[in-house]
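# Residue-level structural notes
If you want the building blocks of each chain, they are given just below.
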Amino acid sequence: MTNENTKATDFETQAQSEQKHLAEQAQASQPEEEQSAPGSEPEKPAGGEEKDVPLVIEWREPDGFLWLSIRNFLLSVMTLGIYYFWGKTEVRRRIWRAIHVNGEPLEYTGTGWELFKGFLIVGIPLFVGFFLYGFFAAMVTGGQELLMDLMAIPLYLLVAWLVGLAIYRTWRYRLRRTRWRGIRGTLAGAPVTYANAYFITTLLMGLTLGWLMPWRARELHTIMTNDTRIGTSPLRLEPEPALRPLYKAFAPAWFMGVFFYGVTVLVFMTIADIARAREGLPPSGLSLFPSTIPTPVLLLSLLPLLLLVIWMWLRYSTRVSNWFAAHTRLHNGRFRLDLKPKDLFFLRLGNFFIALLSLGILLPFVQKRMARFIVTRLSFEGTVDFAKLTQATDSLEHSGEGLGEFFDIDAF
């Protein structure tokens, strides 16, 4: 009986919290003239009239993530997955509160209901549409494999465009639900513009066997950064920063990846020849390794190459993140990110085993580790004019991340 009362109290407290956040969002989404009506106090800038103030970004470790992970899992199971959206919201609120800028925590004002509603609005129609298209394709082609593959091409192209749209809308929702000293963020551009760029650059990536990856990253990051607003203050990416530093890390990783792929093909051809020899069949003649080598030895021989490939791609990934941060400006300063391949490798390795051994139950704990890793290595060089940090005036959507949830996109 005590447990039931405790659960009821928890849900009542959470419902009151949801109502409070919805009320705040409704007030923030009112037209500017309504918010500044006679008798009401106009919204002040985030820092009063302070100018040329340095930004100090800190991480303050939150408590209770282990229990929160277990609770979210149990309640999601008990509600057949519905509580997942409320659990994700609580994880974000705690992670956001752990990030302090000049001593003030960030605040996440999104709600579980918004995420759930967004998934219902977008996810169900898309699922039904894809199912009906597959059924129609099977009827038209009679189930012939080649014709089915041809019919699937338009669907793949649509998905590539929708993923770009989902990334932009997801990031916009999270910015709009993030506040610091009462000031929220937003994206000022059009999602379709980003989706078109994402789609075109995806096609070009395929045509160039991936060699446009650094260029594509710069183009997409430029759109997203230049559209980002902290209140009404824009972030900006320094115009056309040179790509040479990125290609210096990308080219070795690309060639090593191709080499690893070739060696892997030869190893599996050898394994196939070993199987043919056991059946008394002649070897294919396609493998370069002796078929007398034991299969476990062949597979283990790939491990050092695999680790080297992972290391080189992590080197490229950290170079990209550090490079973009160094070229992103706000007012009179720029960001600085100090990621190192070794640190990122051990973080991801640890996160992988935590998620694997806990069967996914500790994913919130993994997300906290990743957020801490980034924030503790992020800093700001220069100053910010707090007098310019005034509230964004665009309207807020009343559902969130439906498309992102459908494609399992996590921008954070």
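Before reading on, note that the structure itself is shown above.
Keep in mind the model is a prediction, meaning the values are calculated, not measured. Residue indices begin from 1 for each chain and proceed along its sequence in written order. Per-residue local features are limited, in this predicted model, to residues with pLDDT of at least 70; the limit for side-chain atom pairs, both in listing and counting, is 80 or more; totals at the level of whole chains, interfaces and linings are taken over all residues. Side-chain measures here rest on the full set of heavy atoms in the structure, leaving out hydrogens and waters.

### Description of the overall build of the protein chain
Helix and strand content of the protein chain: 14 helices and twelve strands. Per-residue accessibility, obtained with a 1.4 Å probe over protein chains only, is compared with the maximum for each type, and a residue is labelled buried under 20%, exposed over 50%, and partly exposed between these values. For the protein chain, buried positions account for 41% of its 412 residues. Here, two residues are considered to be in contact whenever any of their heavy atoms come within 4.5 Å of each other. For the protein chain, the proportion of contacts with a sequence separation of at least 24, taken over those separated by at least 6, is 76%. Per-residue accessibility takes into account occlusion by the displayed protein chains alone, with areas from the Shrake-Rupley method and a 1.4 Å probe. Carbon and sulfur atoms provide 67% of the accessible area of the protein chain, an area that totals close to 22,700 Å². A run of H or I in DSSP counts as a helix once it spans at least four residues, and a run of E counts as a strand once it spans at least two, with each numbered from the N terminus.

### Topic: the packing of helix H3 (residues 65-78) against helix H4 (residues 84-98)
Lines fitted to C-alpha atoms define the axes, with helix axes restricted to the stretch in contact, and inter-axis angles between N-to-C directions lie between 0 and 180 degrees. Direction vectors running N to C along H3 and H4 enclose 165 degrees, while the axes themselves pass 9 Å from each other. The angle between the axes of H3 and H4 places the two elements in the roughly antiparallel class. When you trace H3 past H4, the crossing you get is right-handed. Seen from H3, the contacting residues are Phe65, Leu68, Arg71, Asn72 and Ser76; seen from H4, they are Tyr84, Gly87, Glu90, Val91, Arg94 and Ile95. In the scheme used here, Gly and all other residues not listed as nonpolar or charged are polar, with Ala, Val, Leu, Ile, Met, Phe, Trp, Tyr, Cys and Pro taken as nonpolar and Asp, Glu, Lys and Arg as charged. Within the contact of H3 with H4, the residues separate by chemical class into five nonpolar, three polar and three charged. Any angle from 65 to 115 degrees is called roughly perpendicular, while one under 35 is roughly parallel, one over 145 is roughly antiparallel, and all others are oblique. Crossing handedness: left-handed means the near helix sits turned counterclockwise from the far one by under a right angle, and right-handed means the same turn made clockwise.

### Things to note about helix H9 (residues 244-278)
Counted at 1.5 Å a residue, the expected span for H9 with its 35 residues is 51 Å, and the 52 Å between its end C-alpha atoms agrees. Within H9, the axis deviates most sharply at Phe250, by approximately 25 degrees, and proline Pro252 lies no more than four positions further along. Under the convention used throughout, the expected extent of a helix is 1.5 Å for every residue step, that is, one less than its residue count. Fitting axes to the seven residues that end at a residue and to the seven that start at it, the angle between those axes gives the bend at that residue.

### Digging into the pattern of salt bridges
We define a salt bridge as a contact between a side-chain nitrogen of Lys or Arg and a carboxyl oxygen of Asp or Glu at a distance within 4 Å. What the rule picks out here adds up to 16 salt bridges. As a salt-bridge pair, Glu61 and Lys368 come within 2.6 Å of each other at their nearest N and O atoms. Note that Glu61 is positioned in the loop between strand E1 (57-59) and H3 and Lys368 in helix H13 (residues 363-375), a separation of 307 residues in sequence. Classification of Lys368 by relative accessible area gives buried; the value is 5%. Glu219 is the partner of Arg218 in a salt bridge, and the nearest nitrogen-oxygen pair spans 3.4 Å. Through salt bridges with shared partners, a single network forms among Glu114, Arg172, Arg176, Arg177, Arg184, Asp394 and Glu397.

### Section: the side chain of Thr225
With respect to the secondary-structure elements, Thr225 resides in helix H8 (residues 213-227). A polar side-chain atom of Thr225 sits 2.8 Å from the main-chain carbonyl oxygen of His221. Ignoring anything within four residues of it in the chain, the contact list for Thr225 reads Leu235, Arg236, Leu237 and Thr328. In protein, a polar contact means a hydrogen-donor-capable atom and an acceptor-capable atom, both N or O and within 3.5 Å, with residues adjacent in sequence counting only if both atoms are side-chain atoms; elsewhere, any N or O pair within 3.5 Å suffices.

### Considering the environment of Trp86
Take Trp86: it is sitting in helix H4. In sequence terms Trp86 and Gly112 are 26 residues apart; their C-alpha atoms lie 4.0 Å from each other.

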